[in-house]
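# Coordinate analysis (summary)
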Amino acid sequence: MTEPQIQLRALRKIYPAKGADVVALDGIDLDVPRGAIHGIVGRSGAGKSTLIRCLTLLERPTSGTVTIDGQELSGLPEAKLRSARRRIGMVFQHVNLLDSRTIAGNVAYPLEIAGVPRAQRASRVAELLELVGLADRADAYPAELSGGQMQRVGIARALATEPAVLLCDEPTSALDSATTRQILGLIRDLRDRLGITVLIITHEMAVVREICDSVTLLGHGKVVEHGALGDVVGKYGSHLARELIPVPDLPLGVERSLVEVAYSTDDVATHVVLAAVAALGTDAEIAAGTIETLAGRRVGRLQIDLPDDRVEEALSRLHSAGVHAEVTR
Ligand SMILES: Nc1ncnc2c1ncn2[C@@H]1O[C@H](COP(=O)(O)OP(=O)(O)O)[C@@H](O)[C@H]1O
Ligand SMILES: [Mg+2]
């Protein structure tokens, strides 16, 4: 097995504060293989941005290690760190382009800082703009671009120094859904063509569904859940699966309960699930549900609305049909 390209071990970050210290990262272990697109999700305050800042050592971890492309960054002195950071590209929600420079000038900027000679710079910039589909906008100024084009420039700029790893912090959160899909398509395409490893922080499950190979759920600075997308969606009782395959939250009548059924057609066929529900009779009703293909797996979630006094029977019928079922309300 090849060494993971991003490896975190027991990563901790504590922000000292007057009252109680804030433990923003509480022992994170993470392995992202070369060429993978890995999503980091979690509520606001979970530690996602701190994680990304610690990955580049822009924020010094309190303890633990960060290893990128075989190099342990957490042990490097500041001068070495500066060149190591060129192996890491960063893409943010707000692109922050230099308004007085053209698109080409903006993409050239990191190359100037890295001391790349002018002639080489020009050809590299042309190559990068081609890569992100903006070859015809080289001489435009940021004010002339749409949000999606702006993010393409941000991505070209991040790739300028040929990084091995692309870190994206909410790259599509300022974009509409059609533009989001285009940008995610571009990121996937770049991964396919360049073999770059991508870590993408997002609060949007749609982003995870669309491009991630694997995902980590952070909560209060800890890893709550992680895995390959196909494994996560087929895992019953998983928080991530719940959010990746949402069903509507419906009103519930008096003396009625909701039993939630989750299954993957790898384990049990839909008609078997439906037969088990039908056997409960007419006072049990499928109130909401979804059946879809996600990460190459066919998965379903159904909510069965039924009288309180039928819950035990429902659970036992469903369990004997080989379906995961639990009372949710
Ligand atoms: N520079 C800072 N100083 C003190 N506390 C911070 C700092 N940055 C983040 N925090 C705290 O660390 C926790 C994680 O924050 P953050 O990494 O921004 O989460 P997320 O990006 O998931 O919303 C929060 O409780 C936040 O208030
Ligand atoms: Mg954040």
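Residues numbered from 1 in each chain as written. Chains lettered and ligands numbered in written order. Predicted model: local features only at pLDDT ≥ 70, side-chain atom pairs only at ≥ 80, totals over all residues. Heavy atoms only, no water.

Read from one edge of the open sheet, 6 strands run β6-β7-β8-β3-β9-β10, paired in mixed fashion. The open sheet terminates on both sides in strands that have one partner only, identified here as β6 (88-92) and β10 (222-228). The average angle at which neighbouring strand axes cross in this sheet is 15 degrees, direction not considered. For strand β3 (residues 37-41) and strand β8 (residues 197-201), the ladder comprises 4 bridges, and the chain directions are parallel. Bridge pairing links Gly39 to Ile200 in β8. (Pairing = 2+ DSSP bridges. Helix = DSSP H or I, 4+ residues; strand = E, 2+ residues; numbered from the N terminus. Axes fitted to C-alpha atoms, helices over the stretch in contact; angles between N-to-C directions.)

Following both chains from N to C, one finds helix α3 (residues 103-113) and helix α5 (residues 147-159) inclined at 30 degrees, their axes separated by 7 Å at the closest point. With respect to α5, the axis of α3 lies roughly parallel. Note on packing geometry: the crossing formed by α3 with α5 is right-handed. Contacts from Ile103, Asn106, Val107 and Pro110 in α3 reach Val153, Ala156 and Arg157 in α5. Of the residues contributing to the contact of α3 with α5, the split by class is 5 nonpolar, 1 polar and 1 charged. (Parallel < 35°, antiparallel > 145°, perpendicular 65-115°, else oblique. Left-handed = near helix turned anticlockwise from the far one by under 90°. Contact = heavy atoms within 4.5 Å. Nonpolar A, V, L, I, M, F, W, Y, C, P; charged D, E, K, R; others polar.)

The next point concerns the site of ligand 1. Taken together, Tyr15, Val22, Ala24, Arg43, Ser44, Gly45, Ala46, Gly47, Lys48, Ser49, Thr50 and Arg53 make up the full set of residues adjacent to ligand 1. Between ligand 1 and Tyr15, the relevant distance is 3.5 Å, taken from a nitrogen atom to a side-chain nitrogen or oxygen of the residue. The separation between an oxygen atom of ligand 1 and a polar main-chain atom of Gly47 is 3.0 Å. A total of 560 Å² of accessible area belongs to ligand 1 in isolation, and the protein chains cover 60% of it. When residues of the shell around ligand 1 are traced back to their parent elements, those giving at least two are β2 (22-32) and α1 (48-55). The leading source of residues in the shell around ligand 1 is α1, at 4 residues. When grouped by side-chain class, the residues that make up the shell around ligand 1 number 4 nonpolar, 5 polar and 3 charged. (Near = heavy atom within 4 Å. Polar contact = N/O pair within 3.5 Å; in protein donor to acceptor, adjacent residues only side chain to side chain. Areas by Shrake-Rupley, 256 points an atom, 1.4 Å probe, with all protein chains shown as cover.)

We now examine helix α4 (residues 118-131). The terminal C-alpha atoms of α4 lie 20 Å apart, and with 14 residues this matches the ideal 20 Å at 1.5 Å per residue to within 8%. Of the positions making up α4, those classed as buried are Arg121, Arg124, Val125, Leu128, Leu129 and Leu131. In a view along the axis of α4, the buried residues occupy a sector of 150 degrees, so they form one face of it. Among the exposed residues of α4, those oriented more than 90 degrees off its buried face are Ala119, Ala122 and Glu130. Once α4 finishes, Gly133 follows within two positions and takes phi at roughly 75 degrees, a positive value. (Expected span 1.5 Å × (residues − 1). Buried < 20%, exposed > 50% of the residue type's maximum accessible area, 1.4 Å probe, protein only. Arc of directions from axis to C-beta.)

In this section: the UniProt feature "domain: ABC transporter" (unreviewed entry) in the chain. According to UniProt, the "domain: ABC transporter" (unreviewed entry) feature falls on residues 6-245. Counting secondary structure, residues 6-245 comes out at 37% helix and 26% strand; the distance between its end C-alpha atoms is 28 Å. (UniProt positions renumbered as here; feature names shortened; annotations may be inferred.)

As a further point, take empty space enclosed by the protein. Per the stated rule, a full pass over the model turns up 1 cavity of 30 Å³ or more. At the level of secondary structure, the elements contributing two or more residues to the lining of the largest cavity comprise α9 (239-244), β11 (256-264), β13 (297-307) and β14 (324-327). No other element matches the 4 residues that β11 contributes to the lining of the largest cavity. Residue classes in the lining of the largest cavity are distributed as 8 nonpolar, 4 polar and 5 charged. (1 Å grid on protein atoms, 1.4 Å probe; cavity = no way out; pocket = protein on both sides within 12 Å on 5 of 7 lines; lining within 4 Å. Points joined across faces, edges and corners; volume = space filled by probe spheres on them.)

With that settled, consider the sheet that holds strand β4 (residues 63-68). Read across the sheet, 4 strands follow the order β2-β1-β4-β5 without closing on themselves; strand pairing throughout is antiparallel. Either end of the sheet is taken by a strand with one partner, and the two such strands are β2 and β5 (71-72). Strand direction decides the pairing type here: strand β1 (residues 6-15) and β2, joined by 8 bridges, are antiparallel. Bridging across to β2, Leu8 finds its partner in Leu30. Most of the contacts of α1 go to β1, to which it runs at about 115 degrees, and overall it touches β1, β2 and β4.

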